[in-house]
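Chains, contacts and geometry: an overview
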Amino acid sequence: TKTLLPLAEYFGVTVEDLRSRNLQTGVDANVTLAPDFKGKIPIISFVQAGKWCLNPSAYELNDIPEYISTTKNHGERAFAVRVQGISMYNPGHKLSFEPGDIIVCDPDRDFHNNDLVIAMLTESSESTFKQIVFEDEQMFLCPLNPNWQPQIIPLTPSSTILGVVFQKIVDF
């Protein structure tokens, strides 16, 4: 503030104006610098997700047609998938995911009660996106859509949590 005060007095504005107003247009600045990007994350399919978590280096760069960037910290094996279906659609709530939304998942994060996760169920080679719930020393997967059935999917010992979803990206 000491440095800016003489400048503000010289130009006939306040120190706050120097910090937040475009002095040429007189308009308040409502844009700030974006945080640094944390590398490229591949967008893969739900079918590829299990294989990716086991061995991401097995994929060639040209096997992955699309990447996204994020400003969030993540592990080296982070990946993204496009949401399919409406089991996680919960209109009117902060946590709601529509088909086509991109979710970013980190296999290197520990999961906790009520986290959003991508899991591979024993009976399928495909992955699913759900909320994980702990109850009475058991773990369940639950959709966010209150009308989706089944509402509770028990996790078997051979089911695998592929990672924790930590970001949603919506394309317009």
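What comes next is a walk through the structure. (Residues numbered from 1 in each chain as written. Predicted model: local features only at pLDDT ≥ 70, side-chain atom pairs only at ≥ 80, totals over all residues. Heavy atoms only, no water.)

1. A closer look at the sheet that holds strand β4 (residues 102-106)
- Read across the open sheet, the seven strands follow the order β3-β4-β9-β5-β6-β7-β8; overall the sheet is antiparallel. Unpaired on one side and paired on the other, β3 (79-82) and β8 (153-154) mark the two borders of the sheet.
- The pairing of strand β5 (residues 116-120) with strand β9 (residues 160-169) spans four bridges and is antiparallel. Bridge pairing in β9 places V117 opposite V164. (Pairing = 2+ DSSP bridges. Helix = DSSP H or I, 4+ residues; strand = E, 2+ residues; numbered from the N terminus.)

2. Here we look at the environment of E135
- As for its placement among the helices and strands, E135 is situated in strand β6 (residues 127-135).
- Taking the C-alpha atoms as reference, E135 lies 8.8 Å from N113; in sequence the two are 22 residues apart.

3. Topic: the pairing of β6
- Burial analysis of β6 places seven of its nine residues in the buried class, the great majority of the element.
- Both β6 and strand β7 (residues 138-142) contribute to a ladder of five bridges, which runs antiparallel. Paired with I132 across the strands is L141, a residue of β7. (Buried < 20%, exposed > 50% of the residue type's maximum accessible area, 1.4 Å probe, protein only.)

4. Quick word on the pattern of salt bridges
- Enumeration according to the criterion identifies four salt bridges in this entry.
- Note that K168 is salt-bridged to D101, the shortest N-O span being 3.8 Å. Taken together, the residues K168 in strand β9 and D101 in the loop between β3 and β4 connect sequence positions 67 residues apart. (Salt bridge = Lys/Arg side-chain N within 4 Å of Asp/Glu carboxyl O.)

5. Details of the nonpolar core
- In terms of nonpolar packing, the biggest core is built from 16 residues, with V81, F97, I103, L116, I118, F129 and V165 touching the most fellow members.
- Of all the secondary structure elements, the ones that give two or more residues to this core are β3, β4, β5 and β9.
- Here the element with the most residues in this core is β5; it accounts for three residues.
- Each residue touching I103, except ones within four places of it in the same chain, is listed here: F79, A80, V81, V83, F97, I118, F129, V165 and Q167. (Core = buried A, V, L, I, M, F, W, Y, C linked by side-chain atoms within 4.5 Å. Contact = heavy atoms within 4.5 Å.)

6. A closer look at the pairing of β7
- In this structure, the hairpin formed by β6 and β7 is closed by a connection of two residues, where D136 is found at a positive phi of approximately 50 degrees.
- Relative to β8, β7 runs antiparallel, the two being bridged by two bridges. Residue pairing across strands places L141 opposite I153, the latter belonging to β8.

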